[in-house]
Amino acid sequence: MDFRDSPAEAEFRSRLRAWIAENNPRLPVSSTDDEYWARQAEWHIALFDAGFFGLSWPTRFGGHDLPPVFDVILDEELAAAGAPPRPSLGYLVQGITTHASNAVQERLLPGLISGRERWCQGFSEPDAGSDLASLRTTATRDGDEYVINGHKIWTSYSDVADWCFLLARTDPTVPKHKGLSAFAVPMHQAGVEQRPLRMINGITKEFGQVLFDGARVAAENMIGEPGEGWRIAMTIVSHEREPGEVGYVARYAKTVKDLEEAVRADPGAFRSDQRGAVAWAYVQAEMLRLHVCRRLSERLGGLDHGPGGSIDKLLMTWVEQTVGTAALSVAGSGAVIDADDVALKIYLYSRAQSVMGGTSQIQKNIIATRILGLPAA
Amino acid sequence: MDTRDTPEQAELRRTARRLARELGPRTVADLEDGKRIERLAEAVREAGWLELRHDGGDGNPLASGVEAAIIADALGEAVADAPFAGPVLAADLARRAGASPIDGAVAAFSPDLIDPAVVSGPATKTPIHAVDCAAAGPAAAYVLAPEGDGYRLATVEVDSASHGTDLTRTVRAIPAAAPVLPVPDQSRLLTRADLDSWATLGLALTSADLVGLMRGVLDLAVAYAQERRQYGASIGSFQAVQHLLAEARCLMEGALSATLYPSWAVDNLEPDEARTAGRVAKAYCTRAARTVCETAVQVHGGMGNTWECIVHVYLRRALLSSQWFGDDGEQLRQLQRTRLGVAHGLS
């Protein structure tokens, strides 16, 4: 057990630190301001071009084939500098590398990883949230293409996406989990309409819904085999639940650092409960940082697509919501008087974490039945 | 960076768990089995675990904080009723002072069990407590005697019976006016930094004990939920019960992740940085263990509220491990002082 940087890790850390110092775009706090999402692509491309994104992914797709723990260093340095977190795309990369043919991987991954092509994930539907397998969007074969009809919702980054990783029903005659397939669907076509959704904290550039009305996708853009969609979706969501994959640790650590600085500037101006909330947020954020160290270290022995991500997702949710509550506490009346207050927006945004990527209740069902071995309800 | 156990650490973890499970109490009645308790204490001694923090000849301990925390975790998991953290911490303190270890010695603590007992003069002035020493017979307890910028090591004798809440480890009172005896062979004064490092080991070992307790009590609760039937079904099939147990599992995993760091940091980071890591772990583990033990009591229902159900043995032990070196409230208060610049006395 060793938490120290190896020589290679230390060299990477110092190179990264120097680069961030020169290139921090000083964006608004993520998910509190539309400007953040408007400029996020620039940040992704800058990070990639400098050689600091896709660290553990294959070199042939633009990654660096480094051990997964390098992402811990990336998250730590981004947080320490108050820079934006790394783009949250790891779960799509895992889904594609695990299930897609080599040809599809070679076609899709370089653009996804480099940030030149933007992606969204079309899973949830108005009537298929937790019960995802009941989704009704159809993909019907027509020659060398599939024709897509349906309605996707709560789709992050749909407004800027070039591609949608779509889950659709290709066979309505078999049980619901078996009739699904996955596709990479081009977003820029006549049959696709993107409508923004306004989140509870007011931002409009993160969240959307997508209507497919006779949209077309080449059959060769199917990810995996026909009927394999459910398995692929489960690979993706299991990784979407891992803080090591989505890089949110940097976001939480940055907020905690900002809160600590605010209190340190004038400790006597804050009540003991406000200071206690900040100290507890620090404890939680540190726990998650260390938990990610542990999980990514475990990956040095091989990648696991098991149910453990549900544990990590719940821990991450508790951390985000603890940090959000601490921000609200420190803001005091400011969060009530001013609807544009950043702390208020951090707090409101934090409520989504117990829903996105599978609700906390679904995670607990998975932990109970698949990890603790309790009988299905 | 690789936070996995080395092969040797993994083997130690397996051995310690096996031994603790074999010789630890399975039932409340087992707590009265003197022969078993003797066998357990003997096995812990034979394994050399009480000597982990002895001087290896170069001033450094024979084993790192990671190995010590591995044992503490394994003993906690089985509520093993043999002294471990007490003697190990005492030996670590003696090593830092350059003194030879005293067999069976522990450290004495302030009445709130947070800080090592500091005594000036020839006798104690207030009652202090020895924690986690042998249950009976006389034992030596270290106290700190201020001298210049540092502290000299001294001992007081412990001969009272244990009166602690924890049914598996002792808290023995040392009354006021106990004579303070010199430790003749110490070669240096203990500094503030020594005591920061030593307290980090205390925070790591008490946190690791709490992690083990959580794992052990959660295993019991999951097994009970599977076996107990109501409404014609195993209660573990009800989501209301499943979700309590799932949350408890998450808390245990987070607590383990937080605890590995100070157990490593005690020998590898600057003393103040390491102590902050210890405070983070202890704050998290204290809150987590309380919830996990309470969940286990709840899942055991009426039985969980009886003396004969072993679950309260875990909860009681968690209460001592939480208070020893400071609970969540104490750690958060200290983190406010060190990280937020909150002065003493500002509340």
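Residues numbered from 1 in each chain as written. Chains lettered and ligands numbered in written order. Predicted model: local features only at pLDDT ≥ 70, side-chain atom pairs only at ≥ 80, totals over all residues.

**Q** Please explain the overall build of chain B as it appears in this structure.
**A** When its secondary structure is counted, chain B shows ten helices and eight strands. Overall size of chain B, expressed as C-alpha extent along the three principal axes, is 70 × 50 × 45 Å. Counting only residues that meet the buried cut, chain B has 54% of its 347 residues in that class. (Helix = DSSP H or I, 4+ residues; strand = E, 2+ residues; numbered from the N terminus. Buried ≥ 20, exposed ≤ 12 C-beta atoms within 10 Å, placed from the backbone.)

**Q** Help me understand the overall build of chain A in this model?
**A** For chain A, the count of helices and strands is 13 helices and eight strands. Expressed as lengths along the three principal axes of its C-alpha atoms, the size of chain A is roughly 70 × 50 × 45 Å. Counting over 377 residues, chain A shows a buried share of 51%. For chain A, contacts bridging at least 24 residues in sequence account for 70% of all contacts bridging at least 6. (Contact = placed C-beta atoms within 7 Å.)

**Q** Looking at this structure, I do not really get the domain arrangement of chain A. What am I missing?
**A** A common way to state how big an interface is: give the accessible area lost once the parts meet. Residues and elements named next belong to chain A. For chain A, the assigned domains read domain 1 (7-96), domain 2 (119-225) and domain 3 (235-371). For domain 2 and domain 3, the distance between their C-alpha centres works out to 29 Å. In this assembly, five residues from domain 2 lie in contact with six residues from domain 3. (Domains from an automatic or database assignment.)

**Q** Looking at this model, I keep getting lost on the environment of C293 of chain A. Mind explaining?
**A** Residue and element names in this part refer to chain A. By secondary structure assignment, the location of C293 is in helix 9 (residues 272-298). The buried category is assigned to C293, around which 23 C-beta atoms lie within 10 Å. Spatially, the C-alpha atoms of C293 and R26 are 26 Å apart, while their sequence positions differ by 267 residues.

**Q** Which parts of the structure should I look at to understand the interface of chain B and chain A?
**A** Listed as interface residues are 43 residues of chain B and, on the opposing side, 42 residues of chain A. Mapped by element, the contributors of at least two residues to the side of chain B that touches chain A are helix 5 (192-227), helix 6 (239-265), helix 7 (271-299) and helix 10 (328-339) of chain B. Of the residues assigned to the side of chain B that touches chain A, the class counts are 20 nonpolar, 16 polar and seven charged. (Nonpolar A, V, L, I, M, F, W, Y, C, P; charged D, E, K, R; others polar.)

**Q** Where do I start with the packing of helix 3 (residues 65-77) of chain B against helix 5 of chain B in this structure?
**A** All names here are of chain B. Axis separation between helix 3 and helix 5 bottoms out at 7 Å; the angle between their running directions is 35°. Here helix 3 runs over helix 5; the crossing is right-handed. Where helix 3 abuts helix 5, its residues G65, A68, A69, A72, D73, A74, L75, G76 and E77 lie against L201, A204, L205, A208, D209, L210, V211, G212, L213, R215 and G216. When the residues that make up the contact of helix 3 with helix 5 are grouped by side-chain class, the tally is twelve nonpolar, four polar and four charged. (Axes fitted to C-alpha atoms, helices over the stretch in contact; angles between N-to-C directions. Left-handed = near helix turned anticlockwise from the far one by under 90°.)

**Q** When you look at the environment of L197 of chain A in this model, what are you seeing that I'm missing?
**A** You can see L197 of chain A is positioned in strand 6 (residues 192-197). In sequence terms L197 of chain A and S156 of chain A are 41 residues apart; their C-alpha atoms lie 9.6 Å from each other.

**Q** Is there a simple way to think about the environment of G227 of chain A in this case?
**A** Topologically, G227 of chain A is positioned in the loop between strand 8 (222-223) and helix 6 (229-240). Residues G227 of chain A and T97 of chain A, spaced 130 residues apart in sequence, show a C-alpha to C-alpha distance of 18 Å.

**Q** Any chance you could explain the sheet that holds strand 6 (residues 181-182) of chain B here in plain terms?
**A** Either a parallel or an antiparallel arrangement is found when strands of a sheet pair, and the pairing is made through backbone hydrogen bonds. Residue and element names in this part refer to chain B. One open sheet holds the six strands; their spatial order is 5-2-1-3-4-6, and the pairing between them is mixed. The open sheet has two edge strands with one neighbour each: strand 5 (171-174) and strand 6. Seen against the sheet, helix 4 (residues 85-96) touches strand 1 (106-109), strand 2 (128-131), strand 3 (139-147) and strand 4 (150-158) and runs at an angle of roughly 90° to strand 1. (Pairing = 2+ DSSP bridges.)

**Q** Teacher, can you tell me more about helix 9 of chain A here?
**A** An α-helix turns once every 3.6 residues. As a result, residues three or four positions apart point the same way. If you check helix 9 of chain A, its first and last C-alpha atoms are 39 Å apart, about what 27 residues at 1.5 Å a residue would give, namely 39 Å. Counting buried positions along helix 9 of chain A yields 24 of 27 residues, so the element is predominantly enclosed. (Expected span 1.5 Å × (residues − 1).)

**Q** It is not clear to me how unusual backbone geometry should be interpreted in this structure. Could you clarify?
**A** Most peptide bonds are trans, and most residues other than glycine sit at a negative phi. Residues and elements named next belong to chain A. The backbone of D65 shows a phi angle near 50°, a positive value even though the residue is not glycine. Relative to the assigned elements, D65 resides in the loop between helix 2 (34-49) and helix 3 (70-81). Since 11 C-beta atoms lie within 10 Å of it, D65 is described here as exposed. In this model, W154 sits at a positive phi of 60°, which is unusual for a non-glycine residue. Looking at where W154 falls in the secondary structure, it is placed in strand 3 (residues 145-156).

**Q** What am I meant to see in the pairing of strand 2 (residues 138-142) of chain A here?
**A** All names here are of chain A. When strand 2 meets strand 3, the two strands line up antiparallel, connected through five bridges. Opposite R141, over in strand 3, you have Y146 as the bridge partner. The antiparallel pairing of strand 2 with strand 3 creates a hairpin that spans two residues between the two strands, and G143 there sits at a positive phi of about 65°.

**Q** Could you clarify how one ought to interpret the packing of helix 9 of chain A against helix 6 of chain B in this entry?
**A** Helix-helix packing is described using two parameters, namely the angle between the two axes and the distance between the axes. Contact geometry of helix 9 of chain A with helix 6 of chain B gives a least axis separation of 8 Å together with a crossing angle of 85°. Relative to helix 6 of chain B, the element helix 9 of chain A lies roughly perpendicular. Between helix 9 of chain A, through E286, M287, L290, H291 and R294 of chain A, and helix 6 of chain B, the contact on the second element is made entirely by G254, S257, A258, L260 and Y261 of chain B. In terms of residue class, the contact of helix 9 of chain A with helix 6 of chain B is built from five nonpolar, three polar and two charged. (Parallel < 35°, antiparallel > 145°, perpendicular 65-115°, else oblique.)

**Q** In this structure, what is going on with helix 10 of chain B? I would like to understand it.
**A** If you check helix 10 of chain B, its first and last C-alpha atoms are 16 Å apart, about what twelve residues at 1.5 Å a residue would give, namely 16 Å. Listing the buried residues of helix 10 of chain B in full gives D328, Q331, L332, L335 and Q336 of chain B. Seen along its axis, helix 10 of chain B keeps its buried residues to an arc of 140°; they face one direction. Check the buried side of helix 10 of chain B and you find it contacts helix 9 of chain A together with helix 7 of chain B. Two residues or fewer past helix 10 of chain B, G341 of chain B is found with a positive phi of approximately 70°. (Arc of directions from axis to C-beta.)

**Q** Please clarify how the nonpolar core should be interpreted in this entry.
**A** Considering soluble globular proteins, one finds that nonpolar side chains tend to be buried as a cluster. A108, A141, M214, L245, A255 and V292 of chain B are the most contacted members of the largest nonpolar core, which totals 185 residues. The element that contributes the greatest number of residues to this core is helix 5 of chain B, accounting for 17 residues. When residues of this core are assigned to domains, at least three fall in each of domain 1 (7-96) and domain 3 (235-371) of chain A. Those residues in contact with V292 of chain B, other than ones at most four positions away along the chain, are M214, V217, L218, A248, L251 and M252 of chain B. Grouped together as the second largest cluster of nonpolar side chains are 45 residues, L108, W119, F123 and V192 of chain A included. (Core = buried A, V, L, I, M, F, W, Y, C linked by C-beta atoms within 7 Å.)

**Q** I tried to follow the pairing of strand 7 (residues 207-218) of chain A on my own but got confused; where do I start?
**A** Taken residue by residue, a regular strand's side chains alternate between the two faces of the sheet. All names here are of chain A. In this structure, strand 3 lies alongside strand 7, joined through ten bridges in antiparallel fashion. Residue pairing across strands places S156 opposite F207, the latter belonging to strand 7. Sheet topology places strand 6 next to strand 7; six bridges connect them, and they run antiparallel. Opposite E193, over in strand 7, you have L211 as the bridge partner.

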